[in-house]
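# Descriptive structure summary
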Amino acid sequence: MPTHRAATQNFILHGLDGALAAELSRALSKPGRALHWTRSARECLSVAAQRHADVVFCNSERGEYRDLLCELKQSGLQLPMVVVSRIPETSEWLDALDAGAADYCAAPFERPHISWLVESALLAAPQALPATA
């Protein structure tokens, strides 16, 4: 049975500093996509639920993304997370994947790479089960 996706994809940019968020926003920006910025885990969970978010992009601070991954899991939101860094670090990338992140990316952001990351995250995301009567 094919799944139905909303016409708008909703992405959360969580805990990113202004310059990094602006750079990632440019790479993500295209028709049919909405971006939402959050600072606290509580705000992120609220926006994710209200906007039916598709992917969370979270800063690479270990405590931040690990805590958010844990809270997403506890809330029952099956939402893929991409960990975002200013500078690429192999150990940081591996730590993020080990923690449960869908992927990792670092600046500079190129639109084709970000599009590939989004599509990969969306394909790997658990699909919502249809409601039963």
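Worth saying up front: this structure is predicted, and the values here are computed from it rather than measured.

### Some words on the packing of helix α2 (residues 41-51) against helix α3 (residues 62-75)
- At a minimum axis distance of 10 Å, the contact between α2 and α3 shows a crossing angle of 45 degrees. In this view, α2 runs oblique relative to α3, as classed from their interaxial angle. For the crossing formed where α2 meets α3, the hand is right-handed. On α3, the residues touching Ala41, Cys44 and Leu45 of α2 are Leu68, Glu71, Leu72 and Ser75.
- Of the residues in the contact of α2 with α3, the class split is 5 nonpolar, 1 polar and 1 charged.

### Re the pattern of salt bridges
- By the definition in use, this model includes 2 salt bridges.
- Taking the shortest distance from any N to any O, the salt bridge between Arg86 and Asp17 comes out at 3.5 Å. Here Arg86 is found in the loop between β4 (81-85) and α4 (90-99), whereas its partner Asp17 is found in the loop between β1 (9-14) and α1 (18-28), with 69 residues between them in sequence.
- Asp17 gets classed as partly exposed once you look at its relative accessible area, which sits at 39%.
- Residue Arg86 pairs with Glu23 through a salt bridge whose shortest N-O separation is 3.9 Å. Taken together, the residues span a long stretch of sequence, with Arg86 in the loop between β4 and α4 and Glu23 in helix α1 at a distance of 63 residues.
- Overall, the relative accessible area of 37% leaves Arg86 in the partly exposed class.
- One network of salt bridges, with partners in common, ties together Asp17, Glu23 and Arg86.

### Observations regarding unusual backbone geometry
- Put simply, Ala107 and Pro108 share a cis peptide bond, and its omega is 0 degrees.
- Mapped onto the elements, Pro108 comes out in the loop between β5 (103-106) and α5 (111-124).
- One non-glycine residue, His52, adopts positive backbone phi at about 50 degrees.
- Checked against the element boundaries, His52 lands in the loop between α2 and β3 (55-59).
- His52 sits in the exposed class, given a relative accessible area of 61%.

### Details of a nonpolar patch on the surface
- A surface patch of nonpolar side chains, about 240 Å² in accessible area, is lined by Trp93, Leu94 and Leu97.
- You can see Leu97 is positioned in helix α4.

### So, the sheet that holds β4
- Strand order in the open sheet formed by 5 strands is β2-β1-β3-β4-β5, and the pairing between neighbours is parallel. Looking at which strands have only one partner, the edges of the open sheet turn out to be β2 (33-38) and β5. Ignoring strand direction, the axes of neighbouring strands in this sheet form an average angle of 25 degrees.
- Bridge analysis of β4 against β5 gives 4 bridges, and the strand direction is parallel. Residue pairing for β5: Val82 is matched across the bridge by Asp103.

### What to know about the packing of α1 against α5
- Look at α1 against α5: their axes get within 8 Å of each other, and the N-to-C directions meet at 80 degrees. It follows from the interaxial angle that α1 and α5 lie roughly perpendicular. Side by side, α1 and α5 meet where Leu24, Arg26, Ala27 and Leu28 of the first sit next to Arg111, Ile114 and Val118 of the second.
- Each residue belonging to the contact of α1 with α5 can be placed in one class, and the counts come to 5 nonpolar, no polar and 2 charged.

Thresholds applied
- Residues numbered from 1 in each chain as written.
- Predicted model: local features only at pLDDT ≥ 70, side-chain atom pairs only at ≥ 80, totals over all residues.
- Heavy atoms only, no water.
- Axes fitted to C-alpha atoms, helices over the stretch in contact; angles between N-to-C directions.
- Helix = DSSP H or I, 4+ residues; strand = E, 2+ residues; numbered from the N terminus.
- Parallel < 35°, antiparallel > 145°, perpendicular 65-115°, else oblique.
- Left-handed = near helix turned anticlockwise from the far one by under 90°.
- Contact = heavy atoms within 4.5 Å.
- Nonpolar A, V, L, I, M, F, W, Y, C, P; charged D, E, K, R; others polar.
- Salt bridge = Lys/Arg side-chain N within 4 Å of Asp/Glu carboxyl O.
- Buried < 20%, exposed > 50% of the residue type's maximum accessible area, 1.4 Å probe, protein only.
- Patch = residues over 30% accessible without salt bridge, like charges linked within 9 Å, V, L, I, M, F, W, Y side chains within 5 Å.
- Areas by Shrake-Rupley, 256 points an atom, 1.4 Å probe, with all protein chains shown as cover.
- Pairing = 2+ DSSP bridges.

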